[in-house]
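Structure assessment
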Amino acid sequence: MITSTATATKPAKALPVTKLSKIPFIFLMIVVGLTFFFPSIPKVAAPANLNQADIAWMLTATAFVLLMTPGLAFFYGGMVNRKNVISTMLQSFICMAMIAVIWVVFGFSLAFGESIGGFIGNPATFFMMRNVLDGAPWELAPTIPLALFAMFQLKFAIITPALITGAFAERIRFTSYTVFILLFFVFIYAPLAHATWHPQGVLFKLGVLDFAGGTVVHMSAGWAALASALFLKRRHEPTHSPAMITFVLLGTGLLWFGWFGFNAGSAMGANSLATTALATTMTASAAAALAWIFFDGVKGRKPSAMGTCIGAVVGLVAITPAAGFVTLPHSIAIGVISAVISNLLVDFRTRTSVDDTLDVFPCHGVGGMVGMLLTGVFASKGVNPAIPDQGLLFGETKLFLAQFGALVGVSIFAFGGSWVLLKVTNLISPLRVSGEEEQLGLDLSQHDEKM
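Predicted, not measured: the structure shown is a model, and the values here were computed from it. (Residues numbered from 1 in each chain as written. Predicted model: local features only at pLDDT ≥ 70, side-chain atom pairs only at ≥ 80, totals over all residues. Heavy atoms only, no water.)

Examining the overall build of the protein
For clarity, the cut-off: Every helix listed is a DSSP run of H or I at least four residues long, and every strand listed is a run of E at least two residues long, numbered separately from the N terminus. Think of it in three bands: with a 1.4 Å probe and only protein chains considered, a residue is buried below 20% of the maximum accessible area for its type, exposed above 50%, and partly exposed in between. Every residue pair with non-hydrogen atoms within 4.5 Å of one another is taken to be in contact. Note on areas: Shrake-Rupley, 1.4 Å probe, and residue coverage restricted to the protein chains presented here. For the purpose of charge, His is not counted, nor are the chain termini; Lys and Arg are scored as positive and Asp and Glu as negative. Charge positions come from single atoms, namely NZ of Lys, CZ of Arg, CG of Asp or CD of Glu.
What the protein contains, in helices and strands, is 16 helices and two strands. Summarising its shape, the C-alpha atoms of the protein cover approximately 65 × 60 × 45 Å along the three principal directions. Sorting the 451 residues of the protein into buried and exposed places 55% on the buried side. Expressed as a percentage of contacts within the protein between residues at least 6 apart in sequence, the contacts between residues at least 24 apart total 78%. Summed over its atoms, the accessible surface of the protein is roughly 18,700 Å², and 72% of this surface lies on carbon and sulfur atoms. For the protein, the separation between the mean place of its 25 positive charges and that of its 20 negative charges on side chains is 6 Å.

Following this line, the structure appears as structure tokens:
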């Protein structure tokens, strides 16, 4: 029998209504008002020169990538203390709602609108999805409708801020978190997406390769995670027992499944490049999962479900920037190298005062950086003839230097920018819960719910 929250749990004491607590609802009402003034009704029929097979695959891939965010919720939720599972999972789910609305209003324009200096898109280009339903296809995805391209890219924008949540799990105020992810999307994610994936983007024009988000998604989230862990400082109880490792296994399975859409979908069609990306995604993750537990064995540890899952995800992260540029054997090398490096850094992190709760930076951030650099080593024109330069392994240095330069620049931008945004958010609404709320658990203190 289904019961309401009010009857299933003890009624919670109502929070005092402040001016700040009214702002989110007012913002949503403004968006509703905009829909009447900017309905974005198509003026012409949709473009006819589209490929139905490509459309079918990209519709599927878009759904795959959305599934990754609930997968991440289970992955993170199973790792935290039982009293923080719901809050941790909700932090992922709320991204699906918030970023989707922002994307329609001006987010897609910021990432893919008319370029302003190669750093950001014009927010007016696709404001309220104007000229999207009837717009010409995106030039790098010419066989699918522009609206489908926009929805596919939305899913990347959704999961990026969700990845950060593992770093400050168990100690962040939920309402403050929603402010931070809004600022992060506008000032970190959108500029990086534009610079990397827009044909006029500054990194794109420099020849930087990022097939599906190693830079845009994983590096940005990883550096923001490190900034968050440092800014919020340590938990009062920095050690914990995972609430449910079966949740971690389930989350890993959903992430692995969805990642085929993440990487293979970035080929923008049902083609041989999508096949290559799907295959390299599989092998890199499998190799990384093995490398993690085998390397644990070298250090005298038993093979664990947690280690297998973390290794698999690190492999998925590392292959993301390289998926459509490298061969299958090289994808195995990328998976193994990334897993060993991340494993070492997780051990190192535990010996420091940095409380990155779920090791987002060593796994996602560093995994993304390793994958980005190894793209500059293994990228081959035999796999993808469209790339201007090949990797170090083929005697060329230009691509590797571009990848390294972008890594340094993006790292400074993502970490420094995230630190500033954390300070701004903290001024608007305190980020850290009180010691009493942390001890009680975020499920009850932030949501009046429990498992």
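Having put the structure on the table, let's press on.
Brief notes about the confidence of the model for the protein
Caution is warranted with low-pLDDT regions, since their predicted coordinates should not be read in detail. Here is the rule: A residue's pLDDT is the confidence the predictor assigns to it, expressed on a 0 to 100 scale.
Mean pLDDT over the protein works out to 93, with 95% of the residues at or above the 70 mark. Residue range residues 1-14 is modelled with pLDDT below 50. Its contacts to residues more than four positions away, or to other chains, number six contacts.

So, the packing of aromatic side chains
Threshold: Ring pairs shown here join Phe, Tyr and Trp side chains whose ring centres sit within 6.5 Å, with only the six-membered ring taken for Trp; geometry is labelled stacked below 30 degrees between planes, edge-to-face above 60, and tilted in between.
For the structure on display, the rule yields 26 aromatic pairs. Geometrically, the ring pair formed by Phe-74 and Phe-247 is edge-to-face, given 5.1 Å between the ring centres and 80° between the ring planes. Separated by 173 residues along the polypeptide, Phe-74 in helix H3 (residues 52-77) and Phe-247 in helix H9 (residues 245-264) bring together distant segments of the chain. Put simply, the rings of Trp-103, Phe-108, Phe-112, Phe-126, Trp-138, Phe-149, Phe-185 and Tyr-189 touch in pairs and so form one group of aromatic residues.

Some remarks on unusual backbone geometry
One non-glycine residue with positive phi stands out, namely Met-128, at about 55°. Within the secondary structure, Met-128 sits in the loop between strand E2 (120-121) and helix H5 (146-164). Residue class for Met-128 comes out buried when judged on its relative accessible area of 6%. Phi is positive for Lys-233, which is not a glycine, with a value near 65°. Along the chain, Lys-233 falls in the loop between helix H8 (214-232) and H9. Classification of Lys-233 by relative accessible area gives exposed; the value is 57%.

What about a nonpolar patch on the surface?
Basically, it comes down to this: Residues enter patches when they are more than 30% accessible in relative terms and free of salt bridges; like-charged ones are connected within 9 Å and nonpolar ones (Val, Leu, Ile, Met, Phe, Trp, Tyr) within 5 Å. We count a salt bridge whenever a side-chain nitrogen from Lys or Arg sits within 4 Å of a carboxyl oxygen from Asp or Glu.
Together, Phe-25, Leu-28, Met-29, Val-32, Phe-36, Phe-37 and Phe-38 make up an exposed nonpolar region whose accessible area comes to about 780 Å². Inspection of the secondary structure puts Val-32 in helix H2 (residues 19-37). When its relative accessible area of 38% is taken as the criterion, Val-32 is described as partly exposed.

Looking at H9
The criterion, for reference: By this rule the span expected of a helix is its residue count minus one, scaled by 1.5 Å. The reported bend at a residue is simply the angle between two axes, fitted to the 7 residues ending at it and to the 7 residues beginning with it.
Given a rise of 1.5 Å per residue, 20 residues ought to cover 28 Å, and the 28 Å separating the end C-alpha atoms of H9 matches this to within 8%. At Gly-258, H9 shows its largest bend, some 30°.

Description of H3
How we decide: Any pair of nitrogen or oxygen atoms within 3.5 Å is treated as a polar contact; in protein, a donor-acceptor pairing is required on top of that, and neighbouring residues in sequence qualify only through side-chain atoms on both sides.
With 26 residues, H3 should reach 38 Å at 1.5 Å per residue; the first-to-last C-alpha distance of 38 Å fits that figure. In this structure Asn-51 caps H3, since a side-chain oxygen of it lies 2.9 Å from the backbone nitrogen of Ala-53.

Observations regarding the pattern of salt bridges
Applying the stated rule across the entire model yields eleven salt bridges. Two residues, Lys-299 and Asp-347, come together in a salt bridge whose shortest N-O distance is 2.4 Å. On the criterion of sequence distance, the pair formed by Lys-299 in the loop between helix H10 (272-298) and helix H11 (305-319) and Asp-347 in helix H12 (residues 328-350) is long-range, its members being 48 residues apart. Assessed through its relative accessible area of 13%, Asp-347 is described here as buried. In this structure, the salt-bridge partner of Glu-438 is Arg-432, at a minimum N-O distance of 2.9 Å. Taking the relative accessible area as the measure of exposure, Arg-432 reaches 21% and is therefore partly exposed. Each of Glu-170, Arg-171, Arg-235 and Asp-355 takes part in salt bridges that share partners, so that together they form one network.

Focus: the side chain of Thr-62
Turning to its location among the elements, Thr-62 is positioned in helix H3. Here Met-58 takes part through its backbone oxygen, which lies 2.6 Å from a polar atom of the side chain of Thr-62. When sequence neighbours within four positions are dropped, the list of residues in contact with Thr-62 reads Leu-148, Met-151, Phe-152 and Lys-155.

Describing the environment of Ala-323
Positionally, Ala-323 belongs in the loop between H11 and H12. In this view, Ala-323 contacts Phe-211, Asn-263, Thr-276, Ala-277, Thr-280 and Thr-281; residues no more than four positions away in its chain are not counted.

Here we look at the packing of helix H6 (residues 174-197) against H8
Note the threshold: The axes are straight lines fitted to the C-alpha atoms, using for helices just the contacting stretch, and the angles between their N-to-C directions are given from 0 to 180°. Put simply, a crossing is left-handed when the front helix is turned counterclockwise from the back one by less than a right angle, and right-handed when it is turned clockwise. Note on residue categories: nonpolar means Ala, Val, Leu, Ile, Met, Phe, Trp, Tyr, Cys or Pro, charged means Asp, Glu, Lys or Arg, and polar means any other residue, Gly included.
Put simply, H6 and H8 touch, their axes get as near as 10 Å, and they point 145° apart. H8 is crossed by H6, and the crossing has right-handed handedness. Counting all contacts with H6, which are made through Phe-180, Phe-184, Ile-188, Tyr-189, Leu-192, Ala-193, Thr-196 and Trp-197, the residues of H8 involved are Thr-215, Val-216, Val-217, Ser-220, Ala-221, Ala-224 and Ser-228. For the contact of H6 with H8, the class distribution of residues is eleven nonpolar, four polar and no charged.

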